[in-house]
Amino acid sequence: MSDLTKVEKNLRDRGYTVRTFATAAEAAAYLDASIDGASVGFGGSATLKTMGVYEKLASHNTVHWHWVGGPQERLAAMQADVYLSSVNALAETGEMVNIDGVGNRVAGTLFGHQKVYLVVGRNKLTATYDEAVWRARNVAAPQRAFQLGAKTPCARKQDRCYDCKSPERVCRAMVTLWGPMMDMETEVLLIDEDLGL
Ligand code: SF4
């Protein structure tokens, strides 16, 4: 098992509730047991998709995910009681970094819900904040651009960000979470498996 104790402590010191899971299946079961009878919004997340969280929660919650229901679900997700997302990088010092193109995912982690869950695989972990920013920009964003088939220099080579000015640029905002937003409980689920981009 990876040593997640430092990042766990640093996240707790920043005010987050933190739970650690050995497997994605255990984390998905935890979310399924914890969220019931709620409206639930999803941010774009390969991690959540891999975990099958949407399908689990859909049987006993009202779920909104634009990856399933189309673009109009973004607004409904923004107004949900509970919001779920991953992050593009997590520094061992506790900062989390997310990049977005449309903005719904980063906005959803900042305001408007009773509770936010951030689900993070071990591959997102970096030693420092600077490395977290680097990972988000040079690893996660190019991989996402490639997945989307975007006509951007990073999607072609997948080696780094070129800070392009392409009309298909996928990264239009970058948000750093230094701590849970005021008046919104935020729980971080750390998973000792590689998940997402
Ligand atoms: S700015 Fe352009 S080149 Fe850089 S990651 Fe985003 S889409 Fe790719």
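Look a little higher up for the structure.
Residues numbered from 1 in each chain as written. Predicted model: local features only at pLDDT ≥ 70, side-chain atom pairs only at ≥ 80, totals over all residues. Heavy atoms only, no water.

Engineer: Just to check I follow, could you spell out the sheet that holds strand β6 (residues 96-100) for this structure?
Structural biologist: One key point about sheets: their strands pair by backbone hydrogen bonds, in either a parallel or an antiparallel sense. Spatially, four strands are ordered β8-β5-β6-β9 in an open sheet, and the strand pairing comes out mixed. Both edges of this open sheet fall to β8 (125-126) and β9 (173-177), since each of them pairs with a single strand only. Across two bridges, the pairing between strand β5 (residues 89-91) and β8 is parallel. Opposite Leu 90, over in β8, you have Leu 125 as the bridge partner. Lying on the sheet, helix α8 (residues 129-148) is in contact with β5, β6, β8 and β9; it crosses β6 at an angle near 30°. (Pairing = 2+ DSSP bridges. Helix = DSSP H or I, 4+ residues; strand = E, 2+ residues; numbered from the N terminus. Contact = heavy atoms within 4.5 Å. Axes fitted to C-alpha atoms, helices over the stretch in contact; angles between N-to-C directions.)

Engineer: Mind showing me how you'd approach the pattern of salt bridges here?
Structural biologist: Pairing between side chains of opposite charge can happen when their charged atoms approach one another. Summed over the entire model, instances satisfying the criterion amount to 11 salt bridges. Between Glu 185 and Lys 115 there is a salt bridge whose closest N-O contact spans 3.3 Å. Taken together, the residues Glu 185 in strand β10 (residues 185-191) and Lys 115 in strand β7 (residues 115-121) connect sequence positions 70 residues apart. With a closest N to O distance of 3.0 Å, Asp 194 and Arg 122 form a salt bridge. Of the two residues, Asp 194 is situated in the segment after β10 and Arg 122 in the loop between β7 and β8; the sequence distance between them amounts to 72 residues. Residue classification places Asp 194 among the exposed residues on the basis of a relative accessible area of 52%. (Salt bridge = Lys/Arg side-chain N within 4 Å of Asp/Glu carboxyl O. Buried < 20%, exposed > 50% of the residue type's maximum accessible area, 1.4 Å probe, protein only.)

Engineer: What is the right way to look at the packing of aromatic side chains in this model?
Structural biologist: Aromatic ring pairs are reported here in terms of the distance separating the ring centres and the angle at which the planes meet. Under the definition given, this model contains five aromatic pairs. Between the aromatic rings of Phe 21 and Tyr 30, the centroid separation amounts to 5.4 Å while the plane-to-plane angle is 40°, which identifies the pairing as tilted. Using a relative accessible area of 10% as the deciding quantity, one classes Phe 21 as buried. Plain terms: the ring middles of Trp 65 and Trp 67 are 5.2 Å apart, the flat faces sit at 20° to each other, and that makes the pair stacked. The structure contains a cluster of three or more aromatic residues connected by ring pairs, namely Phe 42, Tyr 54, Trp 65 and Trp 67. Its guanidinium or amino end placed over the ring of Tyr 162, Arg 160 lies 3.9 Å from that ring's centre, counting from NZ or CZ. (Phe/Tyr/Trp six-rings, centres within 6.5 Å; stacked < 30°, edge-to-face > 60°. Lys NZ or Arg CZ within 6 Å of the ring centre and 35° of its normal.)

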